[in-house]
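A structural walkthrough
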Amino acid sequence: MTVSERAAELFAAEHGRAASAVWSAPGRVNLIGEHTDYNDGFVLPMAIPHRVAVGVGPREDRKLVTTTLGDDGELHQGDEVVVDELRPGSHTGWSAFPAGVAWALRQAGHPVPGLNLVIVGDVPTGAGLSSSHALQCAVALALLDHLGLAPGEPDAPSLAEIARLVQRSENDYVGAPTGLLDQTASLRCVESNALFFDVRSGEADQVPFDPRSEDLELLVIDTRAKHSHSESGYGERRKGCERAAELLEVKALRDVSTAQLPAALEQLPDELQSLVKHVVTENERVLSTVELLRSGDYAGIGPLLNASHASLRDDYRVSCLELDVAADAAVQAGALGARMIGGGFGGSAIALISSADRERIESAVRSAFAERSLTEPRVFIAIPSAGAGRDL
């Protein structure tokens, strides 16, 4: 049974009638282009098969009532909130994410009524696979559908506009300073493709990426490392990038080319130089990866993945022991390339591998964790999958 079918079944059981709609949205893996999105740069994400589904139906009062099927198999009731009283900071916890979406839609002029939501998902949480954005994108689409504004309907917001609504929800309501990568990936990715997204212009191009056609696989290594300082570390680096752009008198670090990088670094204090170096070189790695994929040279992106990890580890300083062990062990066991993904300080790494080498590489990664007395990682294959859509 899919997560959407389970959401529909649970909605009927909880509320005694069928949901008016069930929408789902996927988690994502960012193939390359980390910490470039909030610098107006380039990213190259792909959707994964794991999804979050949301069933929606009307209520007679003005409350937003959310029920979630947890990983423990139990139903969890979120805070009951009055939609007219939604304010940033008014409540916390997981139910702030759907409430924030309702708030953002109301701020954009959409008359969100009282609603029941039932949420079911299988995107691993805390793994850097964007489970929170999958949730928010599915909620946004379900609420818009209920208002007669689903994508394709007259006067419906575009997917790009929905992504920005979700970003506003997370930035201003939940209080997390995220960029546009995750929302855009969840909404706009296409099966057997990666999404080349120019954050500044909003242009998005599908780039063919089907590793299985070349007897390759993209291995995801969920390190299960969850570091409490990750949000503050993320915010500090984002502020550092903004400060560097001010000092360089550019709109964003996207405007610094690799040719200009040496001169730019000379104008900056030491603590900002490495941040700028990462962003500028990572943008160039995204462009090079896109070029290789379009030429069909999937294996050729391996060294770029390795270089991205080294830059995130040494220049941006957002890696950690578990991520380094995962990437290093995979490469030493024969992976074509490997790197951490997501904000850093924990979460997941990816490795591009030959299908024939999968068992050996998985074993090497698990052994490397065991040798260091680290929690055993969760490992699975990520298949480039479809973006958000209505399922029922």
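Just so you know, these numbers come straight off a predicted model, no measurement behind them.

Moving on, we get to the UniProt feature "domain: GHMP kinase N-terminal" (unreviewed entry) in the protein. The feature "domain: GHMP kinase N-terminal" (unreviewed entry), as given by UniProt, occupies residues 100-187 in the numbering adopted here. Within residues 100-187, the helical portion is 53% and the strand portion 8%, while the C-alpha atoms at the span's ends are 18 Å from each other.

Since the α-helix packs 3.6 residues into each turn, any two residues three or four apart lie on the same face. With 25 residues, helix 8 (residues 270-294) extends 37 Å between its outermost C-alpha atoms, agreeing within 8% with the 36 Å of an ideal straight helix rising 1.5 Å per residue. In the stretch just after helix 8, Gly296 is the one whose phi turns positive, near 85°.

Right, let's get into the domain arrangement of the protein. Taken domain by domain, the protein comprises domain 1 (3-208 + 386-390) and domain 2 (211-382). Taken over C-alpha atoms, the centre of domain 1 sits 26 Å from the centre of domain 2. With 34 residues of domain 1 at the contact, the number on the domain 2 side is 45 residues. Of all residues in domain 1, Ile32, Glu34 and His35 give up the largest surface area on contact with domain 2, accounting jointly for 20% of the area buried on that side. Summed over the shared surface of domain 1 and domain 2, the number is four salt bridges.

The next point concerns the pairing of strand 6 (residues 115-121). For a regular strand, side chains alternate in direction, first toward one face of the sheet and then toward the other. Counting buried residues along strand 6, six of its seven residues qualify, which places the element largely inside the surrounding structure. Pairing of strand 2 (residues 42-58) with strand 6 involves seven bridges; the strand directions are antiparallel. Bridging across to strand 6, Val54 finds its partner in Ile119. In this structure, strand 3 (residues 63-69) lies alongside strand 6, joined through five bridges in parallel fashion. Bridge assignment links Thr66 to a residue of strand 6, and that residue is Leu117.

What follows covers the pattern of salt bridges. Evaluated as defined, the whole model comprises 23 salt bridges. The salt bridge involving Arg106 is made with Asp84; its shortest N-O contact spans 3.4 Å. Of this pair, Arg106 sits in helix 2 (residues 96-107) while Asp84 sits in the loop between strand 5 (81-82) and helix 2, placing them 22 residues apart in sequence. For Asp315, the salt bridge is made with Lys277, and the minimal N-O distance between the two is 3.9 Å. With a gap of 38 residues between them, Asp315 in the loop between helix 9 (302-314) and helix 10 (321-332) and Lys277 in helix 8 connect regions that are remote in the sequence. Its relative accessible area of 37% is what places Lys277 among the partly exposed residues. Look at the salt bridges and you will find they share partners, linking Arg358, Glu362, Arg366 and Glu376 into a network.

Another aspect to go through is the sheet that holds strand 9 (residues 216-225). On the basis of which strands lie adjacent, the open sheet formed by four strands has the order 10-11-9-12 and antiparallel pairing. Looking along the sheet, the strands with just one partner apiece sit at the ends: strand 10 (337-340) and strand 12 (378-382). Shown here is a sheet whose adjacent strand axes are inclined to one another by a mean of 20°, direction ignored. As paired elements, strand 10 and strand 11 (residues 347-354) share four bridges and run antiparallel to each other. The partner of Arg339 across the bridge, within strand 11, is Ile350. Each of strand 10 and strand 11 touches helix 9; the most contacted strand, strand 10, lies at about 30° to it. Together, strand 9, strand 11 and strand 12 form the strand contacts of helix 11 (residues 358-371), whose direction differs from that of strand 9 by roughly 15°.

Glancing now at the pairing of strand 1 (residues 21-32). The buried count for strand 1 comes to 12 of 12 residues, which makes it a mostly enclosed element. With 10 bridges connecting them, strand 1 and strand 2 associate as antiparallel partners. Looking at strand 2, one finds that Pro26 is bridged to Arg51. As paired elements, strand 1 and strand 13 (residues 389-390) share two bridges and run antiparallel to each other. Across the sheet, residue Ser24 finds its bridge partner in strand 13, namely Gly389.

Let us now look at the UniProt feature "domain: Galactokinase N-terminal" (unreviewed entry) in the protein. When the UniProt feature table is mapped to this numbering, "domain: Galactokinase N-terminal" (unreviewed entry) covers residues 9-58. Strand forms 58% of residues 9-58 and helix 14%; the C-alpha atoms that close the span are 16 Å apart.

Moving on, we come to the nonpolar core. Among the nonpolar cores identified, the biggest contains 78 residues, and Val29, Leu44, Leu129 and Leu143 are the most heavily contacted of them. With 10 residues, helix 3 (residues 131-146) is the single largest residue contributor to this core. Those residues in contact with Leu129 that sit more than four places away from it in its chain are Gly27, Arg28, Val29, Ile48, Val123, Pro124, Val220, Ile341, Ser348 and Phe380. Listed in part, the 44 residues of the second largest apolar core include Tyr234, Val256, Ile361 and Val379.

Conventions we followed
- Residues numbered from 1 in each chain as written.
- Predicted model: local features only at pLDDT ≥ 70, side-chain atom pairs only at ≥ 80, totals over all residues.
- Heavy atoms only, no water.
- UniProt positions renumbered as here; feature names shortened; annotations may be inferred.
- Helix = DSSP H or I, 4+ residues; strand = E, 2+ residues; numbered from the N terminus.
- Expected span 1.5 Å × (residues − 1).
- Domains from an automatic or database assignment.
- Contact = heavy atoms within 4.5 Å.
- Buried area = accessible area lost by both parts, 1.4 Å probe.
- Salt bridge = Lys/Arg side-chain N within 4 Å of Asp/Glu carboxyl O.
- Buried < 20%, exposed > 50% of the residue type's maximum accessible area, 1.4 Å probe, protein only.
- Pairing = 2+ DSSP bridges.
- Axes fitted to C-alpha atoms, helices over the stretch in contact; angles between N-to-C directions.
- Core = buried A, V, L, I, M, F, W, Y, C linked by side-chain atoms within 4.5 Å.

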